[in-house]
Structures are given as structure tokens and as C-alpha cells.
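# Reading the structure
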Amino acid sequence: MSDEDPFHRRLHHIASHALHPDTAQTSGMRRVEAISGATVGSRNLWMGQTHVAASTASGNHHHGASETAIYVVGGNPSFVFLDDERGEIRIDTKPGDYIYVPPWVPHREENPDPENEAVVVISRTTQEAIVVNVPDLRWVDPVAVGTKDPTNP
């Protein structure tokens, strides 16, 4: 079977108990991967879950050149980013909501619920979980920090 023959490749099943914990992490949250280059040989996609414990905020981070789509499965997580004119913006969510995080945008996840974990499914446009932990929510041009954008050679 050839990797170049898309009509004869197999499907992959990743059971919930088999999610892989060896992925990039940020303080205050736990990421597990399901779909990636390492787990299924994907070339352009990463997918997994993020868990944020009750009464917890993650560290500030961004995902480099990767676009990130988030689907809220459980809890009521909040997503925080910085707007140059209005300061910190907080988006409060509930199960069934979606969030889009553009490339390079620093943000953090917060779970204000004192009793329940927040769980989201995340999908990225890269096969690996790019995570860059940063000290604050200020956006820094990737060129300024010496990080090459692989989507713009």
C-alpha cells in the first residue's frame, strides 16, 4: 500500500482511553493528542483535547503559524487575548461553542468554575502541537523573535 495512493489508505481509530499525553504543554492545562503525525501519520492536521482544572488559568501561549479551532465539550471555559485598544478581552463559552485562534495570537484559557473541569477539542493546521509559552498576552511579530513562519518561506 502506497502513501501516495489516497484511495487505498486505511482509516485510523483512536479510542478515548488511548489519547497520547506526550505533547507540548502549558502550565494550568493538560493537552492530550489524538490525531498527529506521530499517532496516525497525518501531514497537515493535529487534533486532541485540552483539560483545564476547576478554578485554574493556563499560562499565556500561542501556536506559531498554526490556526487553531476549538470546540467546547464540557464546562464553561473562558478564552482571553489582548486587544491593543481595549485591553484584555475575555470570551466566555459554554458546551457546543466554537473558538477560532489565528496564528501567532497569544491567549490563555481560564476555568472559573470552582467544581468542574473544562474540556475542549482542538484542531490545528499543523501535524504537531505547536505551543510557544510567553510571559504575557502582547503579540510579538514572529520575525522579531527569530521564529520562521513555515507557511511563508
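The rules behind each value
Residues numbered from 1 in each chain as written. Predicted model: local features only at pLDDT ≥ 70, side-chain atom pairs only at ≥ 80, totals over all residues. Heavy atoms only, no water. Helix = DSSP H or I, 4+ residues; strand = E, 2+ residues; numbered from the N terminus. Buried < 20%, exposed > 50% of the residue type's maximum accessible area, 1.4 Å probe, protein only. Contact = heavy atoms within 4.5 Å. Polar contact = N/O pair within 3.5 Å; in protein donor to acceptor, adjacent residues only side chain to side chain. Pairing = 2+ DSSP bridges. Core = buried A, V, L, I, M, F, W, Y, C linked by side-chain atoms within 4.5 Å. Phe/Tyr/Trp six-rings, centres within 6.5 Å; stacked < 30°, edge-to-face > 60°. Lys NZ or Arg CZ within 6 Å of the ring centre and 35° of its normal.

- With an unreviewed UniProt entry as reference, the chain is termed Cupin type-2 domain-containing protein, source organism Actinoplanes campanulatus.

## Some thoughts on the overall build of the chain
- The helix and strand inventory of the chain stands at 1 helix and 11 strands.
- Sequence-ordered secondary structure for the chain, helices as α and strands as β, is β-α-β-β-β-β-β-β-β-β-β-β.
- In the chain, which comprises 153 residues, the share counted as buried stands at 37%.
- In the chain, the share of contacts with a sequence separation of at least 24, taken over all contacts with a separation of at least 6, comes to 71%.

## Structural notes on the side chain of His61
- If you trace the backbone, His61 turns up in strand S4 (residues 61-62).
- By relative accessible area, which is 0% here, His61 ends up buried.
- In this structure the side chain of His61 is engaged in a polar contact, spanning 3.3 Å, whose partner is the side chain of Arg31.

## Examining the sheet that holds strand S7 (residues 87-92)
- Spatial strand order, S3-S9-S6-S7: 4 strands in an open sheet with antiparallel pairing. In the strand order of this sheet, the two ends are held by strand S3 (56-57) and S7, each with one partner.
- Two elements, S3 and strand S9 (residues 108-111), share 2 bridges in a ladder whose sense is antiparallel. Note on S9: the bridge partner recorded for Ala57 is Glu110.

## Some remarks on unusual backbone geometry
- Even without a glycine there, the phi angle at Ser55 is positive, about 55 degrees.
- Looking at the secondary structure, you find Ser55 in the loop between strand S2 (46-52) and S3.

## Regarding the side chain of Glu33
- With respect to the helices and strands, the residue Glu33 is situated in strand S1 (residues 30-35).
- Within polar-contact distance, the side chain of Glu33 engages the side chain of Ser36 at 3.4 Å.
- Setting aside its immediate chain neighbours within four residues, Glu33 contacts Leu19, His20, Asp22, Thr23, Ala38, Thr39, Trp46, Met47 and Gly48.

## Examining the pairing of strand S5 (residues 68-74)
- Sheet topology places S5 next to strand S8 (residues 98-101); 4 bridges connect them, and they run antiparallel. Counted as the bridge partner of Ala69 is Tyr100 from S8.
- Pairing analysis gives 6 bridges linking S5 to strand S10 (residues 118-124), with the strands arranged antiparallel. When the sheet's bridge partners are listed, Thr68 is paired in S10 with Arg124.

## Looking at the nonpolar core
- Grouped together as the largest cluster of nonpolar side chains are 9 residues: Trp46, Ile70, Val72, Phe79, Ile99, Val101, Val120, Ile122 and Ala129.
- At the level of elements, S5, S8 and S10 are the ones that each hand at least two residues to this core.
- Val72 has contacts with Pro77, Phe79, Thr93, Lys94, Pro95, Gly96, Asp97, Val119 and Val120, leaving out every residue within four places of it along the chain.

## A word on the packing of aromatic side chains
- Evaluation of the coordinates by the stated rule reveals 1 aromatic pair.
- The interplanar angle of 50 degrees and the centroid separation of 4.9 Å between the aromatic rings of Tyr71 and Tyr98 together place this pair among those described as tilted. Taken together, the residues Tyr71 in strand S5 and Tyr98 in strand S8 connect sequence positions 27 residues apart.
- Overall, the relative accessible area of 32% leaves Tyr71 in the partly exposed class.
- Between the NZ or CZ atom of Arg124 and the centre of the ring of Trp46, over which it lies, the distance is 5.0 Å.

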